[in-house]
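Examining the three-dimensional arrangement
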Amino acid sequence: KQEVTQIPAALSVPEGENLVLNCSFTDSAIYNLQWFRQDPGKGLTSLLLIQSSQREQTSGRLNASLDKSSGRSTLYIAASQPGDSATYLCAASTGFQKLVFGTGTRLLVSP
Amino acid sequence: GAVVSQHPSWVICKSGTSVKIECRSLDFQATTMFWYRQFPKQSLMLMATSNEGSKATYEQGVEKDKFLINHASLTLSTLTVTSAHPEDSSFYICSATGATLGNYGYTFGSGTRLTVV
């Protein structure tokens, strides 16, 4: 059974800092790994998707990497802004269209 | 972009009553709909997967008679929590995918906060 964990559970940083969020999964047989953002009481917004054959994806200030052999993915956020404050979830695709979500990292970026 | 509208955004109901949550795809055909629940400070747990016109497939431990899912059209799926009890209080989110979104494209609804009193 796939299990996905994220560390840290919460992170508070001043504006402008570069930061790294970590995601670990127990079963390396994944189709892809996705990163989502969730604002309080809201749904999810897809940030990045890394296919199992890829090692990283970039979108603006966000960069996600994937190391299947070690069961890890990282989300790098450059020059953090207060608007980046949210909960970040990673999810591993264990089968066609099925996602197993991590526990999330709550990020607070202070002005 | 692909949009899923989920209603209501919040609902309070009395114990023993039923509550229906709707998810509508506004600008694409949602061939597959996923229903998740999320407890406070916990992650999303998949409850069931439904394909348009077929019976939903429930995850282990999810009572199909309690959480009724209907996906009768390509634009609408509903989740009905029957005989709701306080332990059913949670945040419910739907997710949809379809041919135009590609094999790995998902669009999430904005969620429904259910409180059973």
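Everything below is about the structure printed above this text.
In this report, we go over the structure that sits alongside the text.

What counts, and where the lines are drawn
Residues numbered from 1 in each chain as written. Chains lettered and ligands numbered in written order. Predicted model: local features only at pLDDT ≥ 70, side-chain atom pairs only at ≥ 80, totals over all residues. Heavy atoms only, no water. Disulfide = S-S within 2.5 Å. Helix = DSSP H or I, 4+ residues; strand = E, 2+ residues; numbered from the N terminus. Buried < 20%, exposed > 50% of the residue type's maximum accessible area, 1.4 Å probe, protein only. Phe/Tyr/Trp six-rings, centres within 6.5 Å; stacked < 30°, edge-to-face > 60°. Contact = heavy atoms within 4.5 Å. Buried area = accessible area lost by both parts, 1.4 Å probe. Salt bridge = Lys/Arg side-chain N within 4 Å of Asp/Glu carboxyl O. Polar contact = N/O pair within 3.5 Å; in protein donor to acceptor, adjacent residues only side chain to side chain. Nonpolar A, V, L, I, M, F, W, Y, C, P; charged D, E, K, R; others polar.

**Regarding the state of the cysteines**
Taken as a whole and judged by the stated rule, the model has 2 disulfides over all chains. Across the disulfide, Cys23(A) is cross-linked to Cys90(A) (sulfur-sulfur distance 2.0 Å). Looking down the S-S bond of the Cys23(A) and Cys90(A) bridge, the torsion is 80°, so its handedness is right-handed. Of this pair, Cys23(A) sits in strand S3 (residues 19-25) while Cys90(A) sits in strand S9 (residues 86-95), and the two are 67 residues apart along the sequence. In this structure Cys23(A) comes out as buried when scored by relative accessible area, which is 1%. On the accessibility criterion, Cys90(A) (0% relative accessible area) is buried. Note on cysteine connectivity: Cys23(B) is disulfide-linked to Cys94(B), with sulfurs 1.8 Å apart.

**Some words on the packing of aromatic side chains**
This structure, assessed with the given rule, holds 7 aromatic pairs over all chains. Here a set of aromatic residues connected by ring pairs shows up, and it is made of Phe36(A), Phe101(A), Tyr36(B) and Phe108(B).

**Thoughts on the interface of chain A and chain B**
Between chain A and chain B, the contact holds 20 residues from the first and 18 residues from the second. Summed over both partners, the interface of chain A with chain B comes to about 1600 Å²; 55% of that surface belongs to carbon and sulfur atoms. Linking chain A with chain B are 0 salt bridges. The tally of links from chain A across to chain B stands at 3 residue pairs in polar contact (both at pLDDT 80 or more). Listing elements by their share of the side of chain A that touches chain B, those giving two or more residues are strand S4 (32-38), strand S5 (44-51) and strand S10 (98-101) of chain A. When residues in the side of chain A that touches chain B are grouped by element, the largest group, 4 residues, is from S4(A). Across the side of chain A that touches chain B, the residue classes break down as 8 nonpolar, 9 polar and 3 charged.

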